[in-house]
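Topology and contacts: notes
The primary structure of each chain is shown beneath.
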Amino acid sequence: MTSGASPARCADVPIPPAAALSWEAYAGRACYACGKPLTTGAVFVGRATGQQGAHVLDTDVYACP
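Quantities reported herein were computed from a predicted structural model and do not represent experimental measurements.

For the rest of this paragraph, the subject is the packing of aromatic side chains. Summed over all chains, the structure comprises two aromatic pairs. Ring geometry for Trp23 against Tyr26: centres 6.3 Å apart, planes inclined by 20 degrees, an arrangement best described as stacked. Taken together, the positions of Trp23 and Tyr26, both in helix H1 (residues 23-26) and three residues apart, correspond to about one turn of that helix. Classification of Trp23 as exposed rests on a relative accessible area of 65%. Centre to centre, the rings of Phe44 and Tyr62 are 5.7 Å apart; their planes meet at 65 degrees, and the pair counts as edge-to-face. Remark: Tyr62 occurs in strand S4 (residues 59-63) and Phe44 occurs in strand S1 (residues 43-48); sequence separation between them is 18 residues. Residue classification places Phe44 among the partly exposed residues on the basis of a relative accessible area of 47%.

Basis of the calculations
Residues numbered from 1 in each chain as written. Predicted model: local features only at pLDDT ≥ 70, side-chain atom pairs only at ≥ 80, totals over all residues. Heavy atoms only, no water. Phe/Tyr/Trp six-rings, centres within 6.5 Å; stacked < 30°, edge-to-face > 60°. Helix = DSSP H or I, 4+ residues; strand = E, 2+ residues; numbered from the N terminus. Buried < 20%, exposed > 50% of the residue type's maximum accessible area, 1.4 Å probe, protein only.

Here it is as structure tokens:
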């Protein structure tokens with residue numbers, strides 16, 4: 001008998017600050033939550049925000065489909 005709980009989707013994971021993203025996730029080439037490479041069907045999740053001194057680090061983040 002199954003518990004009925006569905007597995008968590010990457011898109012449901014809270015978006016971390018931009019400085020906490022991997023280089024690949026920051027560039028939009030990997031899922032921000034699990035780190036898997038994104039090829040087709042990536043889901044736009046939102047923006048990771050951050051600042052380092054006068055430099056704004058905001059970037060769009062994508063998750064696995």
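Here the narrative resumes.
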